Amino acid sequence: MKIFIDSDNIEEIKKYLSWGVCDGVTTNPTTFFRSGVSGAEGIKNRVLEISKLIGSQPLSVEVTSEIPEEIIKQAKEYSGWANNIVIKIPVTDSKGNSLLGVVKKLVQEGVVVNVTLIMNFNQAILAAKSISSGLEKLNDKKAHFISIFAGRITEEQGVERAFQVIKEARLWLDFHKFNNVEIIIASIRNPENIEYFSKTGGHVMTIPPEAISKSLLAARTKEGVAKFMEDAKKSI
C-alpha cells in the first residue's frame, strides 16, 4: 500500500520523504486555507514547490468550481503546471449532478484525474468506469485514482460499512481488470483508522501528518529505549 501525505506543508512533506514513507501528496482547498495559502498565484507557487520536492510522485490538486466548463478549464491549466499533477474532481456537484462526463472528457485529453468525495460502492464503480472509458483509445499507463472517504462513511454508517465499501470496490476493480484505476483511502483521522483501513486492499492511503506522527507513539517503546540506553551506559 502506498502512502500519500495529505498536506501542503513543505516541512512536513520533507520530513516524511526523509523517512521513506511518502509516495505522493494530496491537497485540497481546506489544506491550503489552513496553511494560510491564498489566491491563485499563492496556490500555484505552493503546488510548484511541492511538485519539485516530490519529483515524479503524484500530486493531487483540486478544482474550485462545480461548473463543468470551468472545471475543464481549471483542470487543463493546473495539469500544465507540472508533469506529476493529478486533478481532483468531485464525483458530483453540490446538488448531486454527475461530473463523470467531465472526468471522461479530461481523461480522453490526457489529464490524470482523482475522482474524489466518493461515499459508496456505486459511486466508486461508476467513477472507475468513467475513467476506463476515457482511456479506451489512449496508450496511457499512468494510474488514475478514485478517493473513497473512509472517515466520512464511518461517521454516517459505521466503520464496518466503510471497510466493506473499500474492500468490495478493490475486489470489483481486480475482477474486471481495471488496471489503470487505483483506490485512495481518504478522510483518515487517527492511527486506528490507518491500522483498520490498511487491511481493505486499497492501493493508496492518504494520511494527514498528525496521524502519521501519532502512529509511532508507544509508551513501551520509549521505556524500552530508555532502559537499553541506561544499560548501555553501565556496560561501556
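Our subject is the structure that appears above.
Right, let's walk through the structure included here. Computed from a predicted structure; not experimentally measured. (Residues numbered from 1 in each chain as written. Predicted model: local features only at pLDDT ≥ 70, side-chain atom pairs only at ≥ 80, totals over all residues. Heavy atoms only, no water.)

**Details of the overall build of the chain**
Step number 1: Regarding its fold elements, the chain presents eleven helices and eight strands.
Step number 2: For a compact globule of 236 residues, the expected C-alpha radius of gyration is about 18 Å, and the chain comes in at 19 Å, within 12% of that figure.
Step number 3: Classification of the 236 residues of the chain by burial places 44% in the buried group.
Step number 4: Put simply, of all contacts in the chain between residues at least 6 apart along the chain, 65% involve residues at least 24 apart.
Step number 5: When the accessible surface of the chain is totalled, it reaches about 12,700 Å², and 51% of it is carbon and sulfur. (Helix = DSSP H or I, 4+ residues; strand = E, 2+ residues; numbered from the N terminus. Rg over C-alpha atoms; globule rule 2.2 N^0.38 Å. Buried < 20%, exposed > 50% of the residue type's maximum accessible area, 1.4 Å probe, protein only. Contact = heavy atoms within 4.5 Å. Areas by Shrake-Rupley, 256 points an atom, 1.4 Å probe, with all protein chains shown as cover.)

**Remarks on the side chain of Ser65**
Step number 1: You can see Ser65 is positioned in the loop between β3 (59–62) and α4 (68–79).
Step number 2: By relative accessible area, Ser65 is classed as buried at 11%.
Step number 3: A polar contact is formed between the side chain of Ser65 and the backbone nitrogen of Ile67, at a distance of 3.1 Å.
Step number 4: A polar contact is formed between the side chain of Ser65 and the side chain of Glu70, at a distance of 2.8 Å.
Step number 5: If near-sequence neighbours (up to four positions away) are discounted, Ser65 is found in contact with Glu70, Ile71 and Gln74. (Polar contact = N/O pair within 3.5 Å; in protein donor to acceptor, adjacent residues only side chain to side chain.)

**Observations regarding helix α3 (residues 39–54)**
Step number 1: Over its 16 residues, α3 runs 23 Å from end to end, which matches the ideal 22 Å to within 8%, given 1.5 Å per residue.
Step number 2: On its buried face, α3 is in contact with α1 (10–19), β2 (24–26), α2 (29–34), β3 and β4 (85–90).
Step number 3: Once α3 finishes, Gly55 follows within two positions and takes phi at roughly 65 degrees, a positive value. (Expected span 1.5 Å × (residues − 1).)

**Quick word on the layout of surface pockets**
Step number 1: Taken as a whole, the largest pocket encloses approximately 730 Å³ of empty space.
Step number 2: Taken together, 29 residues form the lining of the largest pocket, with Asp6, Asn28, Thr30, Thr31 and Arg34 sitting closest to its centre.
Step number 3: Looking at the lining of the largest pocket element by element, the count peaks at four residues for α2.
Step number 4: Here the lining of the largest pocket is composed, by residue class, of eight nonpolar, twelve polar and nine charged. (1 Å grid on protein atoms, 1.4 Å probe; cavity = no way out; pocket = protein on both sides within 12 Å on 5 of 7 lines; lining within 4 Å. Points joined across faces, edges and corners; volume = space filled by probe spheres on them. Nonpolar A, V, L, I, M, F, W, Y, C, P; charged D, E, K, R; others polar.)

**Overview of the pairing of strand β7 (residues 181–186)**
Step number 1: When you tally the buried positions in β7, you get six out of six residues, the bulk of the element.
Step number 2: In β7, alternate side chains face the same way, and those of Val181, Ile183 and Ile185 on one face and Glu182, Ile184 and Ala186 on the other are all buried.
Step number 3: In this sheet, β7 lies alongside strand β6 (residues 144–149) in parallel orientation, the contact comprising six bridges. Bridge pairing in β7 places Phe145 opposite Glu182. (Pairing = 2+ DSSP bridges.)

**Describing the sheet that holds strand β5 (residues 113–118)**
Step number 1: Read once around its circumference, the closed barrel built from eight strands follows the order β1-β2-β3-β4-β5-β6-β7-β8, with strand pairing classed as parallel. Between one strand and the next, the sheet's axes are offset by a mean angle of 30 degrees, whatever the strand orientation.
Step number 2: Here helix α7 (residues 150–157) sits on the sheet and contacts β5, β6 and β7; the angle it forms with β6, its principal contact strand, is near 30 degrees. (Axes fitted to C-alpha atoms, helices over the stretch in contact; angles between N-to-C directions.)

**Quick look at unusual backbone geometry**
Step number 1: Although it is not a glycine, Lys177 adopts a positive phi angle of roughly 60 degrees.
Step number 2: Considering the arrangement of structural elements, one finds Lys177 in the loop between α8 (159–175) and β7.

**Considering the nonpolar core**
Step number 1: Grouped together as the largest cluster of nonpolar side chains are 62 residues, with contacts concentrated most on Ile89, Val113, Val115, Ile146, Ile148 and Phe197.
Step number 2: With seven residues, α8 is the single largest residue contributor to this core.
Step number 3: When sequence neighbours within four positions are dropped, the list of residues in contact with Ile146 reads Asn114, Val115, Ile118, Ala124, Ala127, Ala128, Ile131, Leu173, Val181, Glu182, Ile183 and Ile184.
Step number 4: Judged by nonpolar contacts, the second largest core, of six residues, contains Phe4, Val86, Val112 and Ile184. (Core = buried A, V, L, I, M, F, W, Y, C linked by side-chain atoms within 4.5 Å.)

Just distances and angles here, no functional claims.
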